[in-house]
Amino acid sequence: MKITRIETFLVPPRWLFCRVETDDGVVGWGEPVVEGRAEVVRAAVDVLAGYLIGQDPLRIQDHWQVLTKGGFYRGGPVLSSAVAGLDQALWDIAGKTYGAPVHALLGGPVRDRVRVYAWVGGDEPTELSEQIAAQVEAGFTAVKMNGAGATSPIPTAAETAAVVDRVAAAREALGPDRDVAVDFHGRFTAAGARRVLPELAALHPLFVEEPVVPEHGHLLPGLVAASPVPLATGERLYGRTEFLPVLAAGIAVAQPDLSHAGGISEVHRIASLAETYGAQLAPHCPLGPIALAASLQVAFATPNFLIQEQSRGIHYNKDADLLSYLVDPEPFRFVAGHAPRGDAPGLGVTIDEAAVRAADRTGHAWRNPVWRHPDGSFAEW
């Protein structure tokens, strides 16, 4: 079996899909994307396709080595994301060829269902309570929310109180038996995070995500030591070597993204590395159906898995949503806040190719907003 064609599709709201076709008629799908830079990743996939055409798709690990190391310049979000989507597609082909779900090829399942959480915005505490009530009604046992908008380098008393008030509103709406995760989104400095984190401890967040930007990872040991709240990070880290120092710093939760951190192959290895540090895996995934399907396959085969992000109804999704490009939404039918394990071959989802091709004719040019502080200086988004 040989790879004969690789195509990419720019589909709303902000995703990029790739389709890998073989001469045996087996097709695999992947989701290689950097949000806001999808066109750049598309070009990278086209470059890497020049190597893969004519190759045996089942030599996944060999291809991963060549795609990530075969060029003198390595790493970074664009290359790692291009490799990630192609890697997903190759695992999809392997599962379909062997008639098995990817989690079986990774060593078999260690759980029957995967806990997932829903996003809530919660710009105001009253809105937050309503949004959480709707997710609880839908059966979710955990939600995630942004901790703050643009934040001063050293938060004022009012800014600190606003964060605490919002998380308190979430805790009141959830009760003691459900979880809230709080995303700082790298909007806090280390000094700001040290000020706010102790104030949240009594509200028992499941974790606080990205307390600082990834380039300040060298400050994480001090933050971990000072924080009574479990810390999580990893959506902007792209391989094992980048995860090693943050795991050594003592983070509680590793959050690699299956569409950024080298795909199924590398995230499976990151999960094993995290296990040696006693850290849990909670894959980042505010993306589309292929990324989520790949994430779930890893989750079913990972002993130290904690919880899975998913994008149904997330505020980024406009013009299309998680189920828009699926023939059958059943794989993402969540029951009591969990995704049941399926046994369909490959990634376990069937992509509506006609819908994808039609969407690509429109495409998108999604960009994240650029924020500024009141004095006009740049603010982290």
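Preceding this paragraph is the structure being described.
Numbers given to residues run from 1 along each chain, matching the order in which its sequence is written. Note on the predicted model: pLDDT of at least 70 is required for a residue's local features to be given, and 80 or more for side-chain atom pairs to be given and counted; whole-chain, interface and lining totals, by contrast, use all residues. Hydrogens are left out, water is left out, and the side-chain values use all remaining heavy atoms of the structure.

S.K.: Would you explain the pattern of salt bridges in this entry?
M.R.: If charged atoms from side chains of opposite charge come close, those side chains can pair. We define a salt bridge as a contact between a side-chain nitrogen of Lys or Arg and a carboxyl oxygen of Asp or Glu at a distance within 4 Å. All chains considered together, the criterion is met by 19 salt bridges. In this structure, Glu266 engages Arg240 in a salt bridge whose closest nitrogen and oxygen atoms are separated by 2.9 Å. Here Glu266 is found in helix α10 (residues 263-276), whereas its partner Arg240 is found in helix α9 (residues 240-248), with 26 residues between them in sequence. What you see here is one network of salt bridges that share partners, running through Arg5, Glu7, Arg19, Glu21, Glu353 and Arg357. Counting from the N terminus, the helices are the DSSP runs of H or I reaching at least four residues and the strands are the DSSP runs of E reaching at least two.

S.K.: Would you take a moment to explain the packing of helix α3 (residues 77-98) against α10 for this structure?
M.R.: Two elements in contact, α3 and α10, have axes whose closest approach is 6 Å; the angle formed by their N-to-C orientations is 95°. For the element pair α3 / α10, the angle class is roughly perpendicular. On α10, the residues touching Ala84, Asp87, Gln88 and Trp91 of α3 are Gly263, Ile264 and Ser265. Among the residues making up the contact of α3 with α10, the classes are represented as three nonpolar, three polar and one charged. Every axis in this analysis is a line fitted to C-alpha atoms, fitted for helices over the stretch in contact. Angles between the N-to-C directions lie between 0 and 180 degrees. Should an angle lie under 35 degrees it is considered roughly parallel, over 145 roughly antiparallel, and from 65 to 115 roughly perpendicular; all remaining angles are considered oblique. Throughout, a residue-residue contact means that at least one pair of heavy atoms, one from each residue, lies within 4.5 Å. Nonpolar residues are Ala, Val, Leu, Ile, Met, Phe, Trp, Tyr, Cys and Pro. Charged residues are Asp, Glu, Lys and Arg, and all others, Gly as well, are polar.

S.K.: I keep staring at the packing of aromatic side chains and nothing clicks. Help me out?
M.R.: Two aromatic rings from Phe, Tyr or Trp, using only the six-membered ring of Trp, form a pair when their centres are within 6.5 Å; if the ring planes differ by under 30 degrees the pair is stacked, by over 60 it is edge-to-face, and anything between is tilted. If you walk through the whole model with that rule in mind, you get 10 aromatic pairs. Each ring, one from Phe9 and one from Trp29, has its centre 5.8 Å from the other, and the planes form 35°; the classification is tilted. Within this pair, whereas Phe9 is found in strand β1 (residues 3-11), its partner Trp29 is found in strand β3 (residues 27-30), the two being separated by 20 residues in sequence. Per-residue accessibility, obtained with a 1.4 Å probe over protein chains only, is compared with the maximum for each type, and a residue is labelled buried under 20%, exposed over 50%, and partly exposed between these values. Overall, Phe9 belongs to the buried group, its relative accessible area being 3%.

S.K.: Looking at this structure, how should I read unusual backbone geometry?
M.R.: Glycine aside, a negative phi is what most residues show, and trans is what most peptide bonds show. In this structure, the amide linkage connecting Pro12 to the following residue, Pro13, adopts the cis form with an omega of 10°. When you line up the elements, Pro13 lands in the loop between β1 and β2 (15-22). At His204, a residue that is not glycine, the phi angle is positive and equals roughly 55°.

S.K.: Is there a simple way to explain the packing of α9 against α10 in this structure?
M.R.: The description of two helices packed together rests on the angle between their axes and the distance between the axes. Running from N to C, α9 and α10 cross one another at 20°; their axes reach a closest spacing of 10 Å. With respect to each other, α9 and α10 are oriented roughly parallel. Crossing handedness for the pair α9 and α10: right-handed. Each of Arg240, Phe243, Leu244 and Leu247 in α9 lies in contact with α10, whose residues at this interface are Glu266, Arg269, Ile270, Leu273 and Ala274. In the contact of α9 with α10, the residues fall into six nonpolar, no polar and three charged. Handedness of a crossing follows from how the near helix is turned relative to the far one, being left-handed for an anticlockwise turn of less than a right angle and right-handed for a clockwise one.

S.K.: Where do I start with the pairing of β1 in this structure?
M.R.: A regular strand places its side chains on the two faces of the sheet in alternate fashion. With seven of its nine residues buried, β1 lies for the most part within the structure. Sheet topology places β1 next to β2; eight bridges connect them, and they run antiparallel. Within β2, the position partnered with Ile6 by the bridge is Val20. Strands are labelled as partners when DSSP assigns at least two bridges between them. Between β1 and β2, which pair antiparallel and follow one another directly, the connecting turn spans three residues.

S.K.: What should I look at first to understand the nonpolar core in this one?
M.R.: Side chains of nonpolar character tend, in soluble globular proteins, to be buried together. Side-chain atoms within 4.5 Å are what join buried Ala, Val, Leu, Ile, Met, Phe, Trp, Tyr and Cys residues into a set we call a nonpolar core. Ranked by internal contacts, the top residues of the largest apolar core, which has 108 residues, are Phe17, Leu86, Leu200, Ile264 and Phe332. If you tally residues by element for this core, the top one is helix α11 (residues 289-300), at nine residues. Those residues in contact with Leu200 that sit more than four places away from it in its chain are Val163, Val164, Val167, Phe184, Pro205, Val208 and Val229. Membership of the second largest hydrophobic core comes to 14 residues, among which are Tyr117, Trp119, Ala142 and Tyr316.

S.K.: Sorry if this is basic, but what is going on with the sheet that holds β2 here?
M.R.: Hydrogen bonds between backbone atoms are what pair the strands of a sheet, whose relative direction is either parallel or antiparallel. Pairing within the open sheet is antiparallel, and its three strands lie in the order β1-β2-β3. Because the sheet does not close on itself, it has two edges, and the strands there are β1 and β3. Going from strand to strand, the sheet's axes swing by 20° on average, the running direction of each strand aside. As defined by bridge partners, β2 adjoins β3 across four bridges and the pair is classed as antiparallel. Residue pairing for β3: Cys18 is matched across the bridge by Gly30. Seen against the sheet, helix α1 (residues 38-52) touches β1 and β2 and runs at an angle of roughly 180° to β1.

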